[in-house]
Amino acid sequence: MQTGVSELLELFRQEGSASYVVLATDGRPRWVLPLAGRRVLRSAMAVYTPVTLRGLAAWHGARAVVSCGFGRLLPGRRLSARPPLLDSVAQLVGIEGGHVAAASSFDGERGVLCVIDDSGRIRAFVKLAWSEQHAESLRRERDTLQRLKGMSMPVRLPRVIFSGELEGVATLVITPVLGRPRLRPGGLSVQLVQASATIFRDHAGTRPLAAALPATDAEDPEWSRLRSDTRAAIEPWADRSVPVGLVHGDFAPWNVLEAGRSLGVVDWEEARFDGLPFWDLWHYAVQTAALTRRSRSMVALHRAIRGQGPLWHALRSYASYVDIPVELGRIILPLYLAATGPQPLRGGGIGEHDQSDSRSFRRRLLEEALEVLP
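All values derive from a computational prediction rather than experimental measurement. (Residues numbered from 1 in each chain as written. Predicted model: local features only at pLDDT ≥ 70, side-chain atom pairs only at ≥ 80, totals over all residues. Heavy atoms only, no water.)

Trainee: So what's going on with the overall build of the chain? Residues and values would help.
Mentor: A count of helices and strands for the chain gives twelve helices and 15 strands. Split by element, the accessible area of the chain, about 16,600 Å² in all, is 49% carbon and sulfur. (Helix = DSSP H or I, 4+ residues; strand = E, 2+ residues; numbered from the N terminus. Areas by Shrake-Rupley, 256 points an atom, 1.4 Å probe, with all protein chains shown as cover.)

Take a look at the structure:
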């Protein structure tokens, strides 16, 4: 079976009259943007959310070039194609014609389309899945968003337009959540901490701490050993019941958008309603440090493990909002790392070398967290 990247590009290789530019990272095609005027092209760039300083600089630079009307100077391979799924989605959102931008995930197993009308307004995002595993993720996101529909939330959420198959591809069509990537992705602002705490606060019961660890061992023998070490280290607290609530699951800079004082949060595929407190905040801090490799983010994590520094103060604020002891956060960190450490990093532009570095970083962090458990 072809990968998501090749499948996505195959859709754009069909003969048509629309002009596109294919952009690549590390020699691998990742994005397809329509060459259809500055407003359309500027909106099309919302299909990608940069996180690293280099990515942010390139993203803002490209937007400046596009805004000045020089979009055709963007580097990349040109092609003429028929926009994939555009006719089907246009009927769902009530437009005629339109344009499509596309992006593929780093692992090539998922893709997303940004559907834009002729005025340059984004009308929908279409998430695509190439495997049953990822199709199930889309169904989970659909169920989560539908369950949250009508609830008072501290963040802006997408709304489900359609879920199912379009032209033989598993899709989730959702409304856009507009905003810009955070200029300081590593910073845990008061607004962000309050949002994550309020999302969790409507909790639905309790669960034992030990239940957060996966029941099965990791495929990597080293991570299986680390999980065993974690089970042994938390034994004194294993049966302690803690409140559970809604966690996003991938609460990270690439899924958080800013629009003034408002936050938009997207990609709810990993959300669960029985998650542990502090989970989303630890995820945000760990994933940001693992991806950006900025010394400030790493030092903040090392200090927080010992109950010090700005990240620890953010955890204290979170604990006061949720009304739980902040020391519980230091116990949940190794649980979080043991459960998620072997998983790939999901941010944009991640290569195999970055993945290896990320796993090594999270392994060392887990070992340090186990050493200083309260």
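Trainee: Account for the pairing of strand E8 (residues 169-174), naming residues and giving values.
Mentor: Most of E8 sits inside the fold, with six of its six residues counted as buried. Judged from the five bridges that link them, strand E6 (residues 122-129) and E8 form a sheet pairing that is antiparallel. Bridge pairing in E8 places Phe 125 opposite Ile 174. Two elements, strand E7 (residues 160-166) and E8, share six bridges in a ladder whose sense is antiparallel. Paired with Glu 165 across the two strands is Ala 170, which belongs to E8. (Buried < 20%, exposed > 50% of the residue type's maximum accessible area, 1.4 Å probe, protein only. Pairing = 2+ DSSP bridges.)

Trainee: Got a sec to walk through the confidence of the model for the chain? Specific residues and values, please.
Mentor: Of the residues in the chain, 89% reach a pLDDT of 70 or more, and the chain-wide mean stands at 85. In the model of the chain, helix H1 (residues 4-12) stands out as the element of lowest mean pLDDT, 56, in contrast to E7, which has the highest, 95. Contacts for the low-pLDDT stretch residues 1-5, under 50 throughout, to residues beyond four places or in other chains number eleven contacts. (pLDDT = per-residue confidence, 0-100. Contact = heavy atoms within 4.5 Å.)

Trainee: Describe the sheet that holds strand E14 (residues 262-265), with residues and values.
Mentor: Taken together, the three strands give an open sheet; going across it, the order is E9-E13-E14, and neighbouring strands pair in antiparallel fashion. Strands with a single pairing partner mark the edges of an open sheet, and in this sheet they are strand E9 (180-181) and E14. Across four bridges, strand E13 (residues 256-259) lies against E14 in antiparallel orientation. Looking across to E14, one finds that Glu 258 is bridged to Leu 263.

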